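Structural characterization, general
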Amino acid sequence: MATETQTATASLTLTNKATGQAVTVPIDPTHNVVVAAHIKPLLVTPENPPPASEADKVGLMFYDAGFTNTVACRSKISEVGGQTGGLTYRGYAIEDLTAHASFTEVAYLLIYGELPNRAQFDKWQRQLLRHTYLHRELERQLQTFRWDSHPMGMLIAGLASLSTFHPEANPALVGDALYVSGPREQYLEYYKVGTLQSAAPSPAEVRDYVRTKQVYRILGKLPTIAANVYRHREGRPYNHPMPNPRSYTENFLYMIDRLNEDDYVPDPELVAVLDKAFILLAEHGSSCSTIAMRHLISSGVDPFTALSGACGTLFGERKASEVVRMLEEIGSVEKIDAYLTAVKRKKSIVPTVSRATTAVPTFESPRGIPAPSGPTLLQGFGHRVVKGTDPRVKLMKDLTLQTFKHIHGADPYSPSNHLVYLALELESRALADEYFASRKLGVNIDYWTAILLHTFGFPKDMFAVLLAIPRSVGYLAHALESVDDKEYKIFRPRQVYHGDTLRAYVPLHERATGDAESVHDALAAVSVRSNPAAQLRRSLNEATTLREVNALIEQTRASITQITQDLSGALEATGGDRAVSPPSPAPAGSASPPGSNRPTPRLLRRLLSTLQRPAQPAAAAIPEPASPTGSARNLMPEEQVSQLENLPERLNASQAELRELLDVQRELLKMQANLKAGQHISDSVDLAAFERLK
């Protein structure tokens, strides 16, 4: 495939050299993109599945695993500077907004495109704070969760449940074009409520009303659900929203912290800090969660369900909470260099602290969910898109240090046991290290966000919940922009199929019989290929694992015994002067002890030489000396010689297998003991040996 760039006409030409066919692809010079559909006319012959005829051709497609170089949408909401690191919301620099605006103002800006005037702002904030109360039934649903349920799981469930309380906002019930052009005609009369007093509202009026109403509901009720989730985690009764709050974040902190005081008011400085932090976290372009929101909205689903799905992407492992966990594992400033060395060597370390209990203790994890095994990572550094300096990092760092001084009344740069000081030292050393600098692994927003939330006193499992509150503003902005896009259509990416081409169906009764566990074994095999360490941890809990290893060890020992008996018989049959007894396997890499009965290579070579010696002519025959048993030494038949030739090789292979099995047995015993003691599994185990065993 040849490519010719034509800068004068802002296009490029793709030519299939095999067929000579060429297509011209226009280039958008403003945004440096090409439309993938323009290469579809370039036809190629598929190989899998094979073409039915020469005329069977398909259009060329782009393959981009992980969307590393794919533009999925056009947006006016925010601009993320990849190489420069800048960030703007609707054209306003993030530094400017953080310094002068409130989170409520920025939310209006992101959703509607302009900063509000005084009247618009007052109405906007009043409506958000009027929609903070939850239906009593939703509160009861949240209370039915277990006491140890993960907060993020509760938040996602609460958001999805909101859709059942507002069927008039569900496109599946009143028409899939509800948020695009309005509901179906027969449903218009049901919307003669609220601000729509018109006797016959138009579909467009209903559409705008429903859109606005769901924005109020989501942004108003999400902090209440989050606060209830936190209170549920702490075993405390839920708080109702604050009477007459002065700001969005003040109401949230009130619901979080109020005990039974009638006049409780959150700390104004902490309210201001959280408000600015929410501005920094509200939007960041086409992130994984944002594209998930667009993807779900493209299916015509209601915004509550779509938002719960988008928030679900925040419920991952490599998030802000991992930064605090990393610092807890490092433990002290003296261990920073060793940790950075482990990161550079991609070496796994055993955590020095146990993870917080997030589930009922089990045999596998008596102290809670164990830390995932794998290479040591420098959490909170690096970004796939941003390679320059992210302006949010410095702003979030300043907010963290300000909060630390306010709460602890101390200088964060003074040596202390607090994670803030450890975070400062780790940041300083990592940025000064050539290894990380050359790879452009700078600090990202998760790093200081995690330290800020930790300084506030929030537990790690609440971090994703707190991030979901401001990010929901960006999600809603993208959802509304998406349904207004003239190119709006359901997201349906293509795939490259590389499985079996065509197989004939075999009736169930004619298929080969197998173990009922074969499906489980097949899934386990996939898991081993994808993550052998995780599969090894799971296998430790199977009662049969160690028993199977012990059985294999006994089988291998029996095989070695049989081989040595065959060798002994061969030596006796040829007049050998020593018998071979079953060997005791020596540790890997060690030599056999002097005087042992292990057959040495020299003895084995002598045996083969004796067995393979050609017969002498009859005239020159020399009488064989008597054997120690008094019988004459006779040459073995040729077929027996060929059978015995493989004995030395089989013996060596069996001995190596036995050593490997004993190593696996030792590791299994050690790791089971660690689990019973509540310790974490080290990745020093020989996973390759375990894979071969399985």
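Residues numbered from 1 in each chain as written. Predicted model: local features only at pLDDT ≥ 70, side-chain atom pairs only at ≥ 80, totals over all residues. Heavy atoms only, no water.

1. A closer look at unusual backbone geometry
- Residue Phe-67 is not a glycine yet carries a positive backbone phi of 55 degrees.
- Structurally, Phe-67 is set in the loop between strand 5 (58–59) and strand 6 (78–80).
- Phe-67 gets classed as exposed once you look at its relative accessible area, which sits at 52%.
- A positive phi angle, close to 55 degrees, is found at Lys-440, a residue other than glycine.
- By the secondary structure assignment, Lys-440 is in the loop between helix 16 (434–438) and helix 17 (445–456).
- Here Lys-440 falls in the partly exposed class, since its relative accessible area comes to 48%. (Helix = DSSP H or I, 4+ residues; strand = E, 2+ residues; numbered from the N terminus. Buried < 20%, exposed > 50% of the residue type's maximum accessible area, 1.4 Å probe, protein only.)

2. A short note on the nonpolar core
- Among the nonpolar cores identified, the biggest contains 123 residues, and Tyr-89, Leu-327 and Tyr-447 are the most heavily contacted of them.
- Of all the elements, helix 18 (residues 463–484) adds the most residues to this core, at 14 residues.
- Each residue touching Leu-327, except ones within four places of it in the same chain, is listed here: Leu-419, Leu-422, Ala-423, Leu-426, Tyr-447 and Ile-451.
- Core analysis: the next-biggest nonpolar cluster, separate from the first, contains 11 residues, Val-549, Ile-560, Leu-647 and Leu-668 among them. (Core = buried A, V, L, I, M, F, W, Y, C linked by side-chain atoms within 4.5 Å. Contact = heavy atoms within 4.5 Å.)

3. Observations regarding the side chain of Glu-481
- Within the secondary structure, Glu-481 sits in helix 18.
- A relative accessible area of 18% places Glu-481 in the buried class.
- Apart from residues no more than four positions distant in its own chain, Glu-481 is found in contact with Arg-74, Ser-75, Lys-76, Ile-77 and Arg-294.

4. Observations concerning the sheet that holds strand 6
- In space, the 3 strands of this open sheet follow the order 6-7-8, with antiparallel pairing throughout. Each end of this open sheet is capped by a strand with a single partner; those strands are strand 6 and strand 8 (92–93).
- Across 3 bridges, strand 6 lies against strand 7 (residues 87–89) in antiparallel orientation. Looking at the pairing, Ser-78 lines up with Tyr-89 of strand 7. (Pairing = 2+ DSSP bridges.)

5. A look at the confidence of the model for the chain
- The predicted model of the chain averages 79 in pLDDT, with 74% of residues at 70 or higher.
- A low-confidence stretch, residues 611–635 (pLDDT under 50), is modelled with 16 contacts involving residues beyond four sequence positions or located in other chains. (pLDDT = per-residue confidence, 0-100.)

6. A look at helix 13 (residues 336–344)
- Among all positions in helix 13, only Ile-336, Tyr-339, Leu-340, Ala-342 and Val-343 are buried. One side of helix 13 holds all its buried residues, which, seen down the axis, span an arc of 155 degrees.
- In the core, the buried residues of helix 13 are packed alongside helix 12 (320–330), helix 15 (419–432) and helix 16.
- After helix 13 finishes, the residue Lys-346 shows a positive phi value of roughly 55 degrees. (Arc of directions from axis to C-beta.)

7. Quick word on the pattern of salt bridges
- Summed over the entire model, instances satisfying the criterion amount to 22 salt bridges.
- Among the salt bridges present, the one from Glu-427 reaches Lys-397, with a minimum N-O distance of 2.9 Å. Placement of the pair is Glu-427 in helix 15 and Lys-397 in helix 14 (residues 391–408), with a sequence separation of 30 residues.
- When its relative accessible area of 8% is taken as the criterion, Glu-427 is described as buried.
- Under the relative-accessibility criterion, Lys-397 is labelled buried at 18%. (Salt bridge = Lys/Arg side-chain N within 4 Å of Asp/Glu carboxyl O.)

8. A word on the packing of aromatic side chains
- The full count for this structure, using the stated rule, is 12 aromatic pairs.
- Between Tyr-230 and Phe-458, the ring centres sit 6.0 Å apart and the planes meet at 75 degrees, which makes this aromatic pair edge-to-face. With Tyr-230 in helix 7 (residues 203–234) and Phe-458 in the loop between helix 17 and helix 18, this residue pair connects regions lying 228 residues apart in the sequence. Phe-458 carries the same exposure label as Tyr-230, and that label is buried.
- Between Phe-456 and Phe-458, the aromatic rings sit 6.1 Å apart at their centres with planes inclined by 20 degrees, giving stacked as the arrangement. Neither Phe-456 nor Phe-458 differs from the other in exposure class; each is buried.
- An aromatic cluster of at least three residues, connected via ring pairs, comprises Tyr-108, Tyr-112, Trp-124 and Tyr-216.
- Residue placement shows Arg-439 over the ring face of Tyr-435; its charged tip is 3.7 Å from the ring centre. (Phe/Tyr/Trp six-rings, centres within 6.5 Å; stacked < 30°, edge-to-face > 60°. Lys NZ or Arg CZ within 6 Å of the ring centre and 35° of its normal.)

9. Here's the deal with the side chain of Arg-294
- Position of Arg-294 relative to the elements: it lies in helix 10 (residues 288–297).
- What makes Arg-294 buried here is its relative accessible area of 2%.
- In contact with Arg-294, not counting residues within four places along its chain, are Cys-73, Arg-74, Ser-75, His-478, Glu-481, Ser-482 and Phe-491.

10. Digging into the environment of Ile-39
- Structurally, Ile-39 can be placed in the loop between strand 3 (22–26) and strand 4 (43–44).
- When near neighbours in sequence (up to four residues on either side) are disregarded, Ile-39 contacts Leu-14, Val-25, Leu-60, Met-61 and Phe-62.

11. What about the packing of helix 9 (residues 268–281) against helix 14?
- Their axes nearest at 10 Å, the elements helix 9 and helix 14 cross at an angle of 165 degrees. Here helix 14 runs roughly antiparallel to helix 9, going by the angle between their axes. Helix-helix and strand crossings are classified by hand; for helix 9 and helix 14 the assignment is left-handed. When helix 9 is examined against helix 14, the residues Glu-269, Leu-270, Val-273, Lys-276, Ala-277, Leu-280 and Leu-281 are found in contact with a partner set consisting of Arg-392, Leu-395, Met-396, Leu-399, Gln-402, Thr-403, His-406 and Ile-407.
- Of the residues that constitute the contact of helix 9 with helix 14, the class distribution is 9 nonpolar, 3 polar and 3 charged. (Axes fitted to C-alpha atoms, helices over the stretch in contact; angles between N-to-C directions. Parallel < 35°, antiparallel > 145°, perpendicular 65-115°, else oblique. Left-handed = near helix turned anticlockwise from the far one by under 90°. Nonpolar A, V, L, I, M, F, W, Y, C, P; charged D, E, K, R; others polar.)

12. Let's talk about helix 3 (residues 118–130)
- Compared with the 18 Å implied by 1.5 Å per residue over 13 residues, the 18 Å span of helix 3 between its first and last C-alpha is a close match.
- The residue sitting at the N-terminus of helix 3 and contributing the capping side-chain oxygen is Asn-117; that oxygen lies 3.2 Å from the backbone nitrogen of Ala-119. (Expected span 1.5 Å × (residues − 1). Polar contact = N/O pair within 3.5 Å; in protein donor to acceptor, adjacent residues only side chain to side chain.)

13. What about the packing of helix 4 (residues 136–143) against helix 5 (residues 151–165)?
- It is at 10 Å that the axes of helix 4 and helix 5 come closest, and there the two elements cross at 150 degrees. The orientation of helix 4 relative to helix 5 falls into the category roughly antiparallel. Along this stretch, helix 4 crosses helix 5, giving a crossing that reads as right-handed. Along the contact surface, helix 4 presents Glu-137, Leu-138, Gln-141 and Leu-142, while helix 5 presents Met-154, Gly-158, Ser-161, Leu-162 and Phe-165.
- Looking at the contact of helix 4 with helix 5 residue by residue, the classes come out as 5 nonpolar, 3 polar and 1 charged.

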